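Observations on the model geometry
The residues making up each chain are set out below.
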Amino acid sequence: MELFAFYNVENLFLPDSAPNHRLDPTTSGLRNWDERKYRDKLFKISHVFQLMKDETGILPCMIGLSEISGRKVLEDLVEMSPFNSQYGIVHYNSMDERKVDVALLYDKSKVEILDSEAITFFFEIDDKNPENYDTTRDVLFSKIKFKEEIINIFVAHLPSKREKDINQPKRDYILSEIRSKILQIVNVDKENVILCGDFNENPDGEILTKILFDDNHEKMLENPFQSLYSNNNYSAFHYKSGLLFDQILLSQSFFKTDSRLEFHSANIFKPEKIRSRDKMYSDRPFRTYAGTRYLGGYSDHFPVFVALNINEK
């Protein structure tokens, strides 16, 4: 058995420099984000994976991350237990206005990186002035070799729902472009695909349903988080609404009984230690901040993972 995980870690920034004035803006945008809070955050994120190892018996061999800011926070993270500097990093700085990126961590003893790139998207704000454009977080692409199999991995954090969801066209466009790339990989290259991320859409969303099918309406991806969502399992919350924006989609190749890597299960990881200390909201994540108020928790999302059986051929 092997695990593949994804975790939106909620604003993993380096500590801010001391401002010259109390009203000066900070790099993180967080209130009083200092060295102590940063180190505590690193410990908590690493501890989540220690808990996952304790519960399942193994660490994920690959971990997609979102809301990380720069390579240094990743280097600090993988030095800690249970990673112990045995995990490699795939990361590119994006042009996101908040400087938050996605990344992939991988067990260097099991995974070989064959290729990687950042897929960047630009959106026109004013068609009369092409220099006036908007950017968002990159989608990270990695081609890896694992158990003698080639896997093409996409890690995404799509634009958020805000202001009457003005970002929906951006999410539609990004997923449409990723779908085109997946079509080539699945139908022409005949290789495995994993698409994971915080999609800012639930599994029943139209764009996440559309990406499952090719141009002939044949199923090319499976989303095992659809059934979790339909049974009221959530990875995050917004006011009273439960959300399952964090998902891992897999190509049909993982669902064949003769596959070297065969899908076993999909899970939302939410042990008691990483849930809210408020009894009224004990089913929710114990977050680091609530607005500007520091709570000292882990993240405002639960991590998700899929388990794969390894079949001998």
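Above this text is the structure in question.
Residues numbered from 1 in each chain as written. Predicted model: local features only at pLDDT ≥ 70, side-chain atom pairs only at ≥ 80, totals over all residues. Heavy atoms only, no water.

**Things to note about the nonpolar core**
Counting 70 residues, the largest nonpolar core has Met 62 and Ile 248 as the members making the most contacts within it. If we skip the residues at most four places from it in the chain, Ile 248 touches Phe 4, Ala 5, Phe 6, Ile 194, Leu 195, Cys 196, Asn 223, Pro 224, Phe 225, Val 304, Phe 305 and Val 306. (Core = buried A, V, L, I, M, F, W, Y, C linked by side-chain atoms within 4.5 Å. Buried < 20%, exposed > 50% of the residue type's maximum accessible area, 1.4 Å probe, protein only. Contact = heavy atoms within 4.5 Å.)

**Looking at empty space enclosed by the protein**
For the structure on display, the rule yields 1 cavity of 30 Å³ or more. Of the volumes computed, that of the largest cavity is approximately 40 Å³. Every residue along the wall of the largest cavity is listed here: Tyr 92, Ser 94, Asp 101, Val 102, Ala 118, Asp 138 and Leu 140. Residue composition of the lining of the largest cavity, by class: 4 nonpolar, 1 polar and 2 charged. (1 Å grid on protein atoms, 1.4 Å probe; cavity = no way out; pocket = protein on both sides within 12 Å on 5 of 7 lines; lining within 4 Å. Points joined across faces, edges and corners; volume = space filled by probe spheres on them. Nonpolar A, V, L, I, M, F, W, Y, C, P; charged D, E, K, R; others polar.)

**Here's the deal with the sheet that holds strand β15 (residues 261–268)**
Read across the sheet, 6 strands follow the order β3-β4-β2-β1-β18-β15 without closing on themselves; strand pairing throughout is mixed. Both outer strands of the open sheet, β3 (87–91) and β15, are each paired with one neighbouring strand and no more. Within the sheet, the average angular offset between the axes of one strand and its neighbour, ignoring direction, is 20°. Where strand β2 (residues 62–68) lies against strand β4 (residues 101–107), 6 bridges are found, and the strand directions are antiparallel. Note that in β4 the partner of Gly 64 across the bridge is Leu 104. (Pairing = 2+ DSSP bridges. Helix = DSSP H or I, 4+ residues; strand = E, 2+ residues; numbered from the N terminus. Axes fitted to C-alpha atoms, helices over the stretch in contact; angles between N-to-C directions.)

**Side note on the layout of surface pockets**
Here the idea is plain: a probe the size of a water molecule rolls over the atoms and shows the empty space left. If you add up the space inside the largest pocket, you get close to 1600 Å³. If you go around the largest pocket, you meet 46 residues; those closest to its centre are Phe 237, His 238, Arg 287, Asp 300 and His 301. Secondary-structure elements contributing two or more residues to the lining of the largest pocket are β1 (2–12), β7 (133–135), β12 (236–238) and β16 (289–290). Considering each element in turn, the lining of the largest pocket owes the most residues, 3 residues, to β12. The class makeup of the residues in the lining of the largest pocket is 14 nonpolar, 14 polar and 18 charged. Each pocket or cavity is described by its volume, and for the second largest pocket that value is around 380 Å³. Around the second largest pocket, the lining comprises 20 residues; the ones closest to its centre are Lys 190, Glu 191, Gln 252, Ser 253 and Lys 256. Contributing elements (two or more residues each) for the lining of the second largest pocket: β9 (149–157) and α3 (168–189). Residues belonging to the lining of the second largest pocket are distributed by class as follows: 4 nonpolar, 6 polar and 10 charged.

In short, the description is geometric, and any link to function would need to be established separately.
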